[in-house]
Amino acid sequence: MRCSRCGSDNPSDKKFCGDCGSTSLARLLASHGRCDEARSMLAEIYNWFTGGIDTADLKEAKALLDELSG
Ligand SMILES: [Zn+2]
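Cut-off values and rules
- Residues numbered from 1 in each chain as written.
- Predicted model: local features only at pLDDT ≥ 70, side-chain atom pairs only at ≥ 80, totals over all residues.
- Helix = DSSP H or I, 4+ residues; strand = E, 2+ residues; numbered from the N terminus.
- Expected span 1.5 Å × (residues − 1).
- Buried ≥ 20, exposed ≤ 12 C-beta atoms within 10 Å, placed from the backbone.
- Arc of directions from axis to C-beta.
- Contact = placed C-beta atoms within 7 Å.
- Core = buried A, V, L, I, M, F, W, Y, C linked by C-beta atoms within 7 Å.
- Axes fitted to C-alpha atoms, helices over the stretch in contact; angles between N-to-C directions.
- Parallel < 35°, antiparallel > 145°, perpendicular 65-115°, else oblique.
- Left-handed = near helix turned anticlockwise from the far one by under 90°.
- Nonpolar A, V, L, I, M, F, W, Y, C, P; charged D, E, K, R; others polar.

Engineer: Give me the lowdown on helix α3 (residues 56–69), citing residues and values where you can.
Structural biologist: Between its first and last C-alpha, α3 extends 20 Å over 14 residues, near the 20 Å set by a 1.5 Å rise per residue. Within the span of α3, buried status applies to A61, L64 and L65. Taken end-on, α3 shows its buried residues confined to a sector of 105 degrees, consistent with a single buried face. Residues of α3 that are exposed and angled more than 90 degrees away from the buried face: A56, K59 and D66. Those residues of α3 that are buried are in contact with α1 (24–31) and α2 (35–48).

Engineer: Report on the nonpolar core, specifying residues and quantitative values.
Structural biologist: Soluble globular proteins tend to pack their nonpolar side chains together in the buried interior. One finds L25, A26, M41, L42 and A61 to be the most contacted residues of the largest nonpolar core, which totals 13 residues. Apart from the residues lying within four places of it in its own chain, the contact partners of M41 are K15, A26 and L29.

Engineer: Before we move on, can you summarise the packing of α1 against α3 with the specific residues and values?
Structural biologist: Between α1 and α3, whose axes approach to 10 Å, the crossing angle comes to 20 degrees. Taken together, the axis directions place α1 and α3 in an arrangement best described as roughly parallel. In the packing of α1 onto α3, the handedness of the crossing is left-handed. For the pair α1 and α3, contact is made by A26, R27 and A30 and by A61, L64 and L68, respectively. Broken down by class, the residue content of the contact of α1 with α3 amounts to five nonpolar, no polar and one charged.

Engineer: Explain the environment of A61 to me, using residue names and the numbers behind them.
Structural biologist: Relative to the elements of secondary structure, A61 occurs in helix α3. Its 26 C-beta neighbours within 10 Å are what place A61 among the buried residues. Discounting chain neighbours no more than four positions away, the residues touching A61 are T23, A26, L42, I45 and Y46.

This is the structure in structure tokens:
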């Protein structure tokens, strides 16, 4: 999947971009109607970032997760 942020091509099993760390790959999945896959991917990403790390990418992941869960 091609990252929508940096244009880097990633293997389809990648959870986020290997180049820029963007969680846009999950958003890409969702935009292709693969919401269940995107949701589990995001949940996994989110669970990795325990300990209150507050990054833009984590916020992005959480926002999309909320979006897909709603
Ligand atoms: Zn990227």
